[in-house]
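Examining the three-dimensional arrangement
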Amino acid sequence: MLSGKVPLSVNLCRKISTSSRNMGKLDGKVAVVTASTDGIGFAIAKRLLEDGAKVVISSRKEANVQKALNELKKHNLNAHGIKCHVGNKEDRQKLFDETIKQYGKLNILVSNAATNPAVGGVLDCDESVWDKIFDTNVKASFMLAKEALPFLRKSNSTPEDKHSNSIVFVSSIAGYDAFELLGAYSVSKTALIGLSRAAAKDLAPEGIRVNCLAPGIIKTNFSKALYESESANEAALSKIPMNRLGTPDEMAGVVSFLVSKDAGYISGESIVASGGMTARI
Ligand SMILES: NC(=O)c1ccc[n+]([C@@H]2O[C@H](COP(=O)([O-])OP(=O)(O)OC[C@H]3O[C@@H](n4cnc5c(N)ncnc54)[C@H](OP(=O)(O)O)[C@@H]3O)[C@@H](O)[C@H]2O)c1
């Protein structure tokens, strides 16, 4: 002490208290997060791992899966990864089979994939574009939930740990109030809010919760067009009371809460995380 050195035990305590702030919140849980090699999905997977869950990450491209696994390893986080295009039935089946093979159960599904192949008003949308948006954003989410359900049921909570299995759909604030030029995409995100509310009612008696995350404008590749140019960035910021875009980590924190015991009495809900952009009364 006299030499100015901090005793080893104090250093150790400091290290433990900072690194394990949320550690263990999801100990013993197994999670599948789709579209999780980049952006919001990657941040969610990373956060669930940090909170103690076993996580299976996936996306369409094998190389991206490997890259994401390597990135997680740099943070001393070990996930399992598999290629899965959410629109492909075989891929989805392999995703769940592999999860059960690796970890023996499934407690959490985060359905995060979405596409938006064209911009425009809702009724300007071509039929093929509408189909593509609804196939990926809504039908694949519905199918993932349906296919995950037998595993969620089997891995259901003990009486002491009621309502701990859950599904989270990643919707959008645009699902409440359609974004200009993102008409069909916005409607697909509204459908996810409806899907989660309907499924939440059905599954509540079985102890499975269903909720939505509704992000505002988050800085990822997906939203590049909304901040890339100075004019687009200014227009976006003018709509956000906090005057900044959100981060994927901020979205991950909300999902970590929704799938945790702390949210054990929350189902059929949608949490808007938008820097103060209003979505409803
Ligand atoms: N960013 C925002 O401002 C914002 C706002 C509201 C809601 N959201 C929602 O948040 C979710 C994630 O968006 P993001 O901004 O994080 O996107 P992102 O940064 O572009 O990341 C997209 C991820 O999804 C994967 N992916 C894309 N299509 C897929 C598919 N069909 N099947 C499986 N994986 C797929 C990509 O990897 P591969 O290329 O390897 O497939 C990548 O890992 C979406 O549902 C989006 O609608 C985003």
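Residues numbered from 1 in each chain as written. Predicted model: local features only at pLDDT ≥ 70, side-chain atom pairs only at ≥ 80, totals over all residues. Heavy atoms only, no water.

Looking now at the overall build of the protein. Each helix and strand counted, the protein has 8 helices and 7 strands in total. For 281 residues, the compact-globule estimate of 2.2 N^0.38 gives 19 Å, and the C-alpha radius of gyration of the protein, at 20 Å, lies within 12% of that figure. Expressed as lengths along the three principal axes of its C-alpha atoms, the size of the protein is roughly 70 × 45 × 40 Å. Counting only residues that meet the buried cut, the protein has 48% of its 281 residues in that class. As presented, the protein carries roughly 14800 Å² of accessible surface, and 54% of it is formed by carbon and sulfur atoms. For the protein, the separation between the mean place of its 36 positive charges and that of its 29 negative charges on side chains is 7 Å. (Helix = DSSP H or I, 4+ residues; strand = E, 2+ residues; numbered from the N terminus. Rg over C-alpha atoms; globule rule 2.2 N^0.38 Å. Buried < 20%, exposed > 50% of the residue type's maximum accessible area, 1.4 Å probe, protein only. Areas by Shrake-Rupley, 256 points an atom, 1.4 Å probe, with all protein chains shown as cover. Lys, Arg positive; Asp, Glu negative; His and termini not counted. Charge placed at Lys NZ, Arg CZ, Asp CG, Glu CD.)

Taken together, 29 residues are adjacent to the ligand, and Thr37, Ser59, Asn112, Tyr185 and Thr220 come closest. One of the backbone N or O atoms of Phe222 is found 3.4 Å from an oxygen atom in the ligand. Relative to its unbound accessible surface of 900 Å², the ligand loses 92% to contact with the protein. Among the elements of the structure, helix H2 (39-50) and helix H6 (183-203) are those that each provide at least two residues to the shell around the ligand. A per-class count over the shell around the ligand returns 12 nonpolar, 13 polar and 4 charged. (Near = heavy atom within 4 Å. Polar contact = N/O pair within 3.5 Å; in protein donor to acceptor, adjacent residues only side chain to side chain. Nonpolar A, V, L, I, M, F, W, Y, C, P; charged D, E, K, R; others polar.)

The next subject is the packing of helix H5 (residues 127-154) against H6. Put simply, H5 and H6 touch, their axes get as near as 9 Å, and they point 20° apart. As the angle between them shows, H5 and H6 are arranged roughly parallel. Classified by chirality, the crossing of H6 by H5 is right-handed. When H5 is examined against H6, the residues Trp130, Ile133, Phe134, Asn137, Val138, Ser141, Phe142, Leu149 and Arg153 are found in contact with a partner set consisting of Ala184, Tyr185, Val187, Ser188, Ala191, Leu192, Leu195 and Leu203. In terms of residue class, the contact of H5 with H6 is made up of 13 nonpolar, 3 polar and 1 charged. (Axes fitted to C-alpha atoms, helices over the stretch in contact; angles between N-to-C directions. Parallel < 35°, antiparallel > 145°, perpendicular 65-115°, else oblique. Left-handed = near helix turned anticlockwise from the far one by under 90°. Contact = heavy atoms within 4.5 Å.)

Turning our eyes to something else, we now look at the nonpolar core. Counting residues in each nonpolar core, the largest one holds 32 residues, and the members touching the most others are Ile44, Leu48, Val55, Ile57, Val110 and Leu213. Elements represented by at least two residues in this core include exactly strand S1 (30-33), H2, strand S2 (54-59), helix H3 (62-74), strand S4 (108-111), strand S5 (165-170) and helix H8 (248-258). Broken down by element, the residue count for this core peaks at 7 residues, all from H2. Once you skip the residues sitting within four places of it in the chain, Ile44 turns out to touch Val33, Val110, Val170, Ala252 and Val255. Judged by nonpolar contacts, the second largest core, of 28 residues, contains Cys84, Ala113, Leu149 and Phe151. (Core = buried A, V, L, I, M, F, W, Y, C linked by side-chain atoms within 4.5 Å.)

Moving on to the packing of aromatic side chains. In this structure the tally under the stated criterion is 3 aromatic pairs. Residues Trp130 and Phe134 carry aromatic rings whose centres are separated by 4.3 Å and whose planes lie at 20° to one another, so their mutual orientation is stacked. Highlighted residues: Trp130 and Phe134, both in helix H5, separated by 4 residues, approximately one helical turn. Here the guanidinium or amino end of Lys239 rests over the ring plane of Phe179, the centre of that ring lying 6.0 Å away. (Phe/Tyr/Trp six-rings, centres within 6.5 Å; stacked < 30°, edge-to-face > 60°. Lys NZ or Arg CZ within 6 Å of the ring centre and 35° of its normal.)

Direction vectors running N to C along H2 and H3 enclose 40°, while the axes themselves pass 11 Å from each other. Our classification of the angle between H2 and H3 gives oblique. Viewed along their axes, H2 and H3 form a crossing whose handedness is right-handed. Note on element contacts: H3 touches H2 through Ala68, Glu71 and Leu72, opposite Phe42, Lys46 and Leu49. The residue inventory of the contact of H2 with H3, partitioned by class, reads 4 nonpolar, no polar and 2 charged.

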